[in-house]
Amino acid sequence: MRTAACRRLRAVGYGWLPYRLASRNTNMAALSKIPHSCYEIGHTWSPSCVQSAVDVTRSALEVSFKIYAPLYLIAAVLRRRKKDYYIKRLLPEILQSSSFLTANGGLYIVFFCILRKLLGGFYSWSAGFGSALPASYIAILLERKSRRGLLTIYMTNLATETLFRMAATRGIVKPIKHGEVLLFCITASLYMFFFRSKDGLKGFAFSALKFIIGKEEIPSHSVMAEHTHTRPLERTAAIEPVDSQPEERPNPRSKTLVAYTRELLESICKHGPRHRCCKHYQDNCISYCVKGFVRMFSVGYLIQCCLKVPSAFRQMFSKPSRLPSVFYNKENFQLGAFLGSFVSIYKGTSCLLRWMRDIDDELHALVAGFLAGMSMFFYKSTSISMYLFSKLVETMYFKGIEAGRFPYFPHADTVLYAISTAICFQAAVMEVQNLRPTYWKFLLRLTKGRFALMNRQVLDVFGTQASRDFKGFVPKLDPRYTTVPSQTVLPPGGDIQLE
């Protein structure tokens, strides 16, 4: 095959070109063009462009409706919507969001074929980024305006992560060990500072942190100890009746280690100190931290259990032995430990700083939030870190707009969504190993596996190892609709016609 390819190149005047040019000069490969048809590269399951677009649109519509119908229904129930919403608005909203996702998939194939016709072949950018950019921009315009911001944040987060992986693969940047934890620490530090600052956070972000942390950590400004409402350090000793009768203590031999531990915790929680700057008047500082851990550990555990319930129901009859794993799964305890330790570390550090500085200051949140971020060691997640960081950047940007320091760009969310989605599609086509696995599975689900049928072995000439994760897959093409395959790479601007 190599000899034949070299002879083919010499026949058109490129006998000097090395066969392994793609691996030796990636920049030149990126500017080259391959003359294959859209059937040979993209919709390999059907030679018809129209039929291929119809196939993808049909599958995307079916999957989209299955995604959004239960999502909107559950959201309506949780928000306690009235009867009029279910009659007049529920179905139109489901169809509108489904049409957005369907258009994103169907129009990608349409522009994939259009660009092939216009360019006469494929460049390294045209099969992914170039085709997805106009398709994503048109699709997001079909979605409701209230959801565009959330979709933009998600896709920007995903695109940023994808770009970082691309840069790391090329040796441009070096990954930092536990980088997701460090990013979460910085993000949590700034989030908690805004949470404790006056007019720092609003809306859902403020409500969510208020639920997680508690209303005791929301001073509007710094409060000096001498101006605070003081209460006795030993609150429980003052309000609990003193029993003059000696307690009847059980035989120590009959006590277990659990009983001793329980008594020790109860003693500490009842008689521990509370600084007069602390606003948790019903608890001392120790019980305040312990109760915070127990509460959020339970919340995290239950959330993870609920996420596994749908899959457990599907396996109830086929594999009933797996049902206990819903309650004893390792991830359940990891999420619980993450949320519980985050709250307890934050509260404990805040109390400690109040004791040390004798002041309640929102600047404490910077230190407490950073230390609390280390709780992510229990539940490492790049997705969570990147999403919260993206939301933080959005929050700071809008604060800058309100202060007149940053310009406002109309339709920025739609443009940013289109660019971010195009970046992810570029990775899905040319280097799927750098795309988040969950998003790749989503694309396969949306197209019913057709995204994996692309002829990525031909795309390997661009030097991105497009076929690395596809185990030598070669689609079966109808020879009546194919050109002579070429495994060579031409110099920039080169375009040969093969017989």
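Up top you'll find the structure we're talking about.
None of these values were measured; they are calculated from a predicted model.

Novice: Would you mind showing me how to read helix H5 (residues 49-78) here?
Specialist: For an α-helix, 3.6 residues make a turn, and residues three or four places apart therefore share a direction. For H5, built from 30 residues, the straight-helix expectation of 44 Å at 1.5 Å per residue is met to within 8% by its first-to-last C-alpha distance of 43 Å. Those residues of H5 lying buried are Ser52, Ala53, Asp55, Val56, Ser59, Ala60, Val63, Ser64, Tyr68, Ala69, Tyr72 and Ala76. Buried residues along H5 sit against helix H6 (83-119), helix H8 (145-169) and helix H19 (437-447). Residue Ser48 occupies the N-cap position of H5, its side-chain oxygen lying 3.5 Å from the main-chain nitrogen of Val50. Positive backbone phi, at 55 degrees, marks Arg80, one or two positions downstream of H5.

Novice: Quick question: what am I supposed to make of the packing of H5 against H19 here?
Specialist: Pairs of packed helices are described in terms of their axes, by the angle between the two and the distance that separates them. It is the contact of H5 with H19, at a shortest axis distance of 7 Å, that shows an interaxial angle of 115 degrees. Put simply, H5 runs roughly perpendicular to H19. Between H5, through Val56, Ser59, Ala60, Val63, Ser64 and Ile67, and H19, the contact on the second element is made entirely by Phe442, Arg445, Leu446 and Thr447. Broken down by class, the residue content of the contact of H5 with H19 amounts to six nonpolar, three polar and one charged.

Novice: Mind showing me how you'd approach the packing of aromatic side chains here?
Specialist: For the structure shown, the criterion picks out 23 aromatic pairs. Measuring from centroid to centroid gives 5.8 Å for Phe293 and Phe297, while their planes differ by 25 degrees, and the two rings are stacked. Placement of both Phe293 and Phe297 in helix H13 (residues 285-314) is noted, with a separation of four residues, approximately one turn of the helix. On the accessibility criterion, Phe293 (32% relative accessible area) is partly exposed. By relative accessible area, which is 24% here, Phe297 ends up partly exposed. Counting every residue linked through ring pairs, the aromatic cluster contains Tyr108, Phe112, Phe122, Phe425, Trp440, Phe451 and Phe470. Over the ring of Phe211 we find Arg295, and its NZ or CZ is 4.7 Å from the ring centre. The positively charged end of Arg450 is found above the aromatic ring belonging to Trp45, 5.6 Å away from the centroid.

Reading guide: rules and limits
Residues numbered from 1 in each chain as written. Predicted model: local features only at pLDDT ≥ 70, side-chain atom pairs only at ≥ 80, totals over all residues. Heavy atoms only, no water. Helix = DSSP H or I, 4+ residues; strand = E, 2+ residues; numbered from the N terminus. Expected span 1.5 Å × (residues − 1). Buried < 20%, exposed > 50% of the residue type's maximum accessible area, 1.4 Å probe, protein only. Contact = heavy atoms within 4.5 Å. Polar contact = N/O pair within 3.5 Å; in protein donor to acceptor, adjacent residues only side chain to side chain. Axes fitted to C-alpha atoms, helices over the stretch in contact; angles between N-to-C directions. Parallel < 35°, antiparallel > 145°, perpendicular 65-115°, else oblique. Nonpolar A, V, L, I, M, F, W, Y, C, P; charged D, E, K, R; others polar. Phe/Tyr/Trp six-rings, centres within 6.5 Å; stacked < 30°, edge-to-face > 60°. Lys NZ or Arg CZ within 6 Å of the ring centre and 35° of its normal.

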